[in-house]
Amino acid sequence: MMNNKHPLLLVVSGPSGSGKGSMLGKYLKSAEDTFYSISATTRQMRPGEENGVNYHFVSEEEFKAKIEAEAMLEYARYCDHYYGTPKAPVEENLAAGRDVILELDVAGAMKIQKIRPDAIFIFTLPPSMEVLRRRLIGRNTEAEDVIAKRLAVAVEEIRQAHCYDYVVVNDDLDEAVCEFSCIVAAEKAKMERNQNFINEVFFQ
Ligand code: 5GP
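If you're wondering where the values come from, they're calculated on a predicted model, not measured in any experiment.

Moving on: the environment of His 56. Summarising the element assignment, His 56 is placed in strand β4 (residues 56–57). Taking the relative accessible area as the measure of exposure, His 56 reaches 32% and is therefore partly exposed. As for His 56 and Thr 41, which are separated by 15 residues in sequence, their C-alpha atoms are 6.3 Å apart. Dropping the residues within four chain positions of it, His 56 is found in contact with Ile 38, Ser 39, Ala 40, Thr 41, Asn 51 and Pro 86.

Encoded structure:
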């Protein structure tokens, strides 16, 4: 029996439309002791989104006040809007032994890599650029110019995928969730995370 004395900090990135949100949503339905960090953003709420569920939707002034108060673990500007991770819930949940998932753009992930090099970095990819384009158009939540901007940012983000530990291609959702679960399981089974457990149980 391995316990969660070494909870994981998991950072997930991938272009807008890569399907990371669907993958994480499905993973979280069956994951135990896992906290999904709800980011703050200044972008507009999309139809179907809920304040405090998908994001904390805040004004630019409120966001800047949080930066001033050092209440953000990291933040970045993505397609003309601020996005950031509230620091306290991440720290509280890790301290309580829960795995924590951060869904971040590449700039935010690179900031976490500097302050938490022990975090695990996972990059999600669509099966092709054409599928990415079709997904962004198909979800019908952004104007044409915003889609074009997100596609351009996607290309730049994919160029930085090599900075991550793992890649998950999200073609089939169930397979992607399964791969993600395997990554978490493999990380938990690493010797460096279980040495204390071995000592406690077998060499008391
Ligand atoms: P969207 O507008 O599609 O919800 O998110 C746009 C991008 O912002 C995505 O790549 C998403 O992962 C990223 N993002 C969401 N929350 C945060 C955050 O707290 N910090 C950073 N750096 N990026 C975030």
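Neighbouring residues of the ligand: 17 residues in total, closest Ser 39, Arg 43, Tyr 55, Tyr 83 and Arg 150. Contact distances for the ligand include 3.4 Å between an oxygen atom and a side-chain N or O atom of Thr 85. Note that an oxygen atom of the ligand is positioned 2.7 Å from one of the side-chain N or O atoms of Arg 150. In isolation the ligand offers 500 Å² of accessible surface; the protein chains occlude 95% of this area. Taken together, the elements giving at least two residues each to the shell around the ligand come down to β5 (72–78) and β6 (81–86). A breakdown of the residues in the shell around the ligand according to their chemical character gives 5 nonpolar, 5 polar and 7 charged.

By a widespread convention, an interface's size corresponds to the accessible area lost as its parts come together. When the domains of the chain are assigned, the result is domain 1 (1–33 + 99–204) and domain 2 (38–96). Listed per partner, the contact involves 22 residues of domain 1 and 16 residues of domain 2. Buried area between domain 1 and domain 2, summed over both chains or domains, comes out near 1500 Å², and the portion from carbon and sulfur atoms is 63%. It is Val 100, Lys 149 and Arg 150 that lose the most area in domain 1 upon contact with domain 2, and together they represent 28% of the buried surface on that side. One can count 2 salt bridges joining domain 1 with domain 2. Our count for the domain 1 to domain 2 interface comes out at 3 residue pairs in polar contact (both at pLDDT 80 or more). Of the residues forming the side of domain 1 that touches domain 2, the biggest block, 5 residues, is contributed by helix α4 (residues 106–115).

Summarising the element assignment, Asp 145 is placed in helix α6 (residues 144–159). Counting along the chain gives 76 residues from Asp 145 to Ala 69, while the straight-line C-alpha distance between them is 34 Å.

It is worth spelling out a negative patch on the surface at this point. Where like charges cluster on the molecular surface, the negative patch consists of Asp 171, Asp 172, Glu 175 and Glu 179. Overall, the relative accessible area of 57% leaves Asp 171 in the exposed class.

Rules behind the numbers
Residues numbered from 1 in each chain as written. Predicted model: local features only at pLDDT ≥ 70, side-chain atom pairs only at ≥ 80, totals over all residues. Heavy atoms only, no water. Helix = DSSP H or I, 4+ residues; strand = E, 2+ residues; numbered from the N terminus. Buried < 20%, exposed > 50% of the residue type's maximum accessible area, 1.4 Å probe, protein only. Contact = heavy atoms within 4.5 Å. Near = heavy atom within 4 Å. Polar contact = N/O pair within 3.5 Å; in protein donor to acceptor, adjacent residues only side chain to side chain. Areas by Shrake-Rupley, 256 points an atom, 1.4 Å probe, with all protein chains shown as cover. Nonpolar A, V, L, I, M, F, W, Y, C, P; charged D, E, K, R; others polar. Domains from an automatic or database assignment. Buried area = accessible area lost by both parts, 1.4 Å probe. Salt bridge = Lys/Arg side-chain N within 4 Å of Asp/Glu carboxyl O. Patch = residues over 30% accessible without salt bridge, like charges linked within 9 Å, V, L, I, M, F, W, Y side chains within 5 Å. Lys, Arg positive; Asp, Glu negative; His and termini not counted. Charge placed at Lys NZ, Arg CZ, Asp CG, Glu CD.

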